[in-house]
Each structure stands twice: as C-alpha cells, then as structure tokens.
Amino acid sequence: MQRKIYLLLFVSILAIAVLTLVFSSPVVDKLQEGSLSLTRSRPWFGNNDFTDNQVYYLGHDLVWDGMLNPTLEKIEVYSNSQPHSDDLIAVYIDTVGSLVLAPDPFPQDSEVVNLVTPVDHTMDDKRAKVVFKFDTGFWDELGQMNRVDVTYKVLGKQKVQSIDIILFPEWH
C-alpha cells in the first residue's frame, strides 16, 4: 500500500513537472510566434476593371506562418496614422475563400461567397480570405491607404501586426 502511495506521488510530481515545462513561458512564446502576410488574390487590377461610383469587393489572401492558428479579432485600414471608417472601406472574411473581385450587388449564395466580420474568426489552415468593400467614388482616399493593422490572439495572447500595403497601386 505504501509503495502505491509513493508511486502515485512520483507520477503526480512527474506530471506537474512535465506540465510546467510544456506551459512554461519559452514554450508558450514559441507556440505564439508567427507573422501574417497579406497579398492580392489576383496580382493586378487596372482602371478598366472598375467603374466610377460603383461598390466593389476585392479579395486578398491573409497567411499565417506560425505553428498554431490565430483567431482574428479586428482588421483596420489606415492612411498614414489615421484609421478609415467602415463607411469608406469595410473589411470582411470570405469563409468560402473564393472572392477575388466582384461588383455590388453580387449573389449572396452561401456556396459561392460567405462574408463575415473579422471578429473571433479562427484562421483555418493558417489562411483567410480578407475582402475589402469599397466605393470607387472615393479614389483619392482609397489611393492613400498604406497600412492594415490585424489584431489577433494566439493561445489567449493578443497581438497586433501592422502590414504595409498599397491596396490600390494604380492610384497611388
């Protein structure tokens, strides 16, 4: 009986030691490491692809290179240090991942496109299709956009990554 108690005590101490090692700061920090990249789903769009004063949806690929899938909390678009309102450019996630470029309105068929806000959205397979909804009536403002800030969590730790990007290089 005493031998079983010592064995149970030994196994408990060993389990605590292993859990402490696994969840120690360096291990957790390593699991939380990674960075995001944002690229156009289609490399180039020109003036002929857009009509003035029309609303469009433009897809970009967001890719995570870390070990664990992050959960997106917020995506904001900036010109210099000023964030843009959703009235000028709104950000969505296409959970189907098929949207590249589409005018508004487009068929909201859930098998083709499913747009959701980037709040509490886990990046499946370390990828997400980020969709920007914008109105071509605001070309001057759209041409000045140069940064996207992505707020996300990995293992409960919130991080913000700024990604320099020119969403509309033709008008920059």
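Here, every reference points to the structure presented above.
Residues numbered from 1 in each chain as written. Predicted model: local features only at pLDDT ≥ 70, side-chain atom pairs only at ≥ 80, totals over all residues. Heavy atoms only, no water.

Enquirer: Whenever I open this one, the pattern of salt bridges confuses me. Can you help?
Expert: Side chains that differ in charge, positive against negative, can pair when their charged atoms come close. Applying the stated criterion to the full structure yields 4 salt bridges. Among the ionic pairs, lysine 74 bridges to glutamate 76, the shortest N-O distance being 3.9 Å. We classify lysine 74 as partly exposed; its relative accessible area is 40%. A residue is classified by how much of its surface remains accessible, and glutamate 76, at 24% relative accessible area, is partly exposed. Two residues, arginine 147 and aspartate 149, come together in a salt bridge whose shortest N-O distance is 2.9 Å. (Salt bridge = Lys/Arg side-chain N within 4 Å of Asp/Glu carboxyl O. Buried < 20%, exposed > 50% of the residue type's maximum accessible area, 1.4 Å probe, protein only.)

Enquirer: Mind showing me how you'd approach the pairing of strand β10 (residues 147–154) here?
Expert: Walk down a regular strand and you will see the side chains alternate between the two sheet faces. Here β10 lies mainly inside the structure; 7 of its 8 residues are buried. Inspection of the sheet shows strand β3 (residues 71–79) paired to β10 by 7 bridges, in the antiparallel sense. The partner of lysine 74 across the bridge, within β10, is threonine 151. Bridge count between β10 and strand β11 (residues 157–164): 8 bridges; the pairing is antiparallel. Within the sheet, the bridge partner assigned to aspartate 149 lies in β11 and is serine 162. Joining the antiparallel neighbours β10 and β11 is a turn of 2 residues, in which leucine 155 adopts a positive phi near 50°. (Helix = DSSP H or I, 4+ residues; strand = E, 2+ residues; numbered from the N terminus. Pairing = 2+ DSSP bridges.)

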